[in-house]
Amino acid sequence: MKPILQHLVEMTGHRDHLRLEVSVLSTLQKLSSIKEVRALELFNDHGAAFLRPRTWVQDGQLVSTDSEAAADPRRVPLEQYPELAECVSQHGDSALANPRRGQHILWLPVWMQDKVSTCLEITQSRPFSAHKLDVLKGVFLVYQNYQSLLDYSERDALTGLFNRKTFDEQFARNAANTGVSSQPQNAQSMISEEVLAENAPVQNWLAVVDIDHFKQVNDRFGHLYGDEVLILIANILRTSFRSHDRIFRFGGEEFVVLLRNTTLAKAHQVFNRFRETVQKYDFPQVGRVTVSLGFVSTTRGSPVEILGQADQALYYAKEHGRNQVCYYDDLIARGLLQTAKVANDDVELF
């Protein structure tokens, strides 16, 4: 019992979902008779349910990926695992299977807000005893409860999007490349064929989004309808971007999007498609609303410089007609903006 408690203490010391996931798998891996542990990601693609390994053992080490799930060549239809599919459809807490001799599998779906996107898979060579199941489920419940606490602390209370604190932590960590995740060797194959066909550099992009004339919405219709606009904009953001992109609410009417692994042309297309979707949406009572957006590549500069450049592009868009997408480097090249060296301790961005 003492080693398990020590592992639980270590596990709950993490403040990051992926590190916590790696830690719980490491804890389970050390239990007797366990042959393999994996964290599976469950997702929908064009109406069909799939799963793919997100954290697994490779060369004796636990490795993870946060690449685009729908483009992962390791994905398989959920229906190939009928016991797990039945468990998810029935909102169950566990499922057992014995697909072949000497292989016994336990699945533990992670339910958060009545949805499941993660499932722990534990495999051993003999059937799970009642005592073993109690131990495994006990460790799992600690993990699931702590995941829920982390999720609550990372999200904006109104929209459910990630908050500014989460952006600061994730973006700084990704920029410094100090995360625990490691991309598999076939990461290139996880970039969509459409993007690869462009034969252009694939990069990550940061966009700052602002709702045009949002103060007038609050003044005219009241904060209740203003909040509804924010919630609906958040929903449009979720449906406009992929599962491995990241969307944040910075507060007020400002949002930030991290668009991953795509070309400049595709980034323009995706951001403009989102803008047009908002423009066409009929918001209850309020009617039509538009957004302005400024974006920049994340390949150059510190996090505060990159965010500042996207902000400059955004405010150019707002000062020159609104309801448009502006690319920072394009504005610089056309002489419409001037570059400014920003030191981390010289500026505070709001």
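What counts, and where the lines are drawn
- Residues numbered from 1 in each chain as written.
- Predicted model: local features only at pLDDT ≥ 70, side-chain atom pairs only at ≥ 80, totals over all residues.
- Heavy atoms only, no water.
- Phe/Tyr/Trp six-rings, centres within 6.5 Å; stacked < 30°, edge-to-face > 60°.
- Helix = DSSP H or I, 4+ residues; strand = E, 2+ residues; numbered from the N terminus.
- Buried < 20%, exposed > 50% of the residue type's maximum accessible area, 1.4 Å probe, protein only.
- Pairing = 2+ DSSP bridges.
- Axes fitted to C-alpha atoms, helices over the stretch in contact; angles between N-to-C directions.
- Contact = heavy atoms within 4.5 Å.
- Arc of directions from axis to C-beta.
- Disulfide = S-S within 2.5 Å.
- Salt bridge = Lys/Arg side-chain N within 4 Å of Asp/Glu carboxyl O.

Colleague: Can you lay out the packing of aromatic side chains for me, pointing to particular residues and giving the numbers?
Modeller: Evaluated as defined, the whole model comprises 14 aromatic pairs. Ring plane angle 55° and centroid distance 6.0 Å describe the contact between F241 and F271, whose orientation is recorded as tilted. Here F271 lies in helix 9 (residues 264–280) and F241 lies in the loop between helix 8 (223–240) and strand 9 (246–251), a separation of 30 residues in the sequence. With a relative accessible area of 0%, F271 lands in the buried category.

Colleague: Could you give an account of the sheet that holds strand 12 (residues 325–327), with specific residues and numbers?
Modeller: With respect to topology, 5 strands assemble into an open sheet ordered 9-10-8-11-12, the strand pairing being mixed. The sheet terminates laterally at strand 9 and strand 12, the two strands that pair on one side only. For this sheet, the mean angle separating the axes of adjacent strands, direction not counted, is 20°. Contacts from helix 8 reach strand 8 (203–211), strand 9, strand 10 (254–262) and strand 11 (291–297), with the element oriented near 0° to strand 10. Where helix 10 (residues 303–319) meets the sheet, its contacts fall on strand 8, strand 9, strand 10, strand 11 and strand 12, and the angle it forms with strand 11 comes to roughly 145°.

Colleague: Could you give me a rundown of helix 7 (residues 214–221), with the residues and numbers involved?
Modeller: Inspection of helix 7 places F214, V217, N218 and F221 among the buried residues, and these make up the whole buried set. Mapping the buried residues of helix 7 onto a view down its axis gives an arc of 100°, with all of them on the same face. Projecting away from the buried face of helix 7 at angles above 90 degrees are the exposed residues K215, Q216, D219 and R220. Summarising the contacts, the buried residues of helix 7 are in contact with strand 8 and helix 8. Of the residues flanking the end of helix 7, it is G222, one or two places downstream, whose phi is positive at about 95°.

Colleague: Could you give me a rundown of the state of the cysteines, with the residues and numbers involved?
Modeller: This structure, assessed with the given rule, holds 0 disulfides. With no disulfide of its own, C87 lies 7.2 Å from the sulfur of C119, the closest cysteine sulfur. The exposure class assigned to C87 is buried, which follows from its relative accessible area of 6%.

Colleague: Quick one: what's the story with the pattern of salt bridges, residue by residue and with numbers?
Modeller: Scanning the entire structure with this criterion turns up 17 salt bridges. Between E21 and R54 there is a salt bridge, with the nearest N and O atoms lying 2.5 Å from each other. Taken together, the residues span a long stretch of sequence, with E21 in helix 2 (residues 17–29) and R54 in strand 2 (residues 48–58) at a distance of 33 residues. In terms of burial, E21 and R54 fall into one category: buried. Two residues, R334 and D330, come together in a salt bridge whose shortest N-O distance is 3.1 Å. With a relative accessible area of 53%, R334 lands in the exposed category. Via salt bridges that share partners, E41, R52, D72 and R74 belong to a single interconnected network.

Colleague: An account of the environment of I306 is needed here, citing residue identities and associated values.
Modeller: Considering the arrangement of structural elements, one finds I306 in helix 10. For the pair formed by I306 and F295, sequence separation is 11 residues and the distance between their alpha carbons is 9.1 Å.

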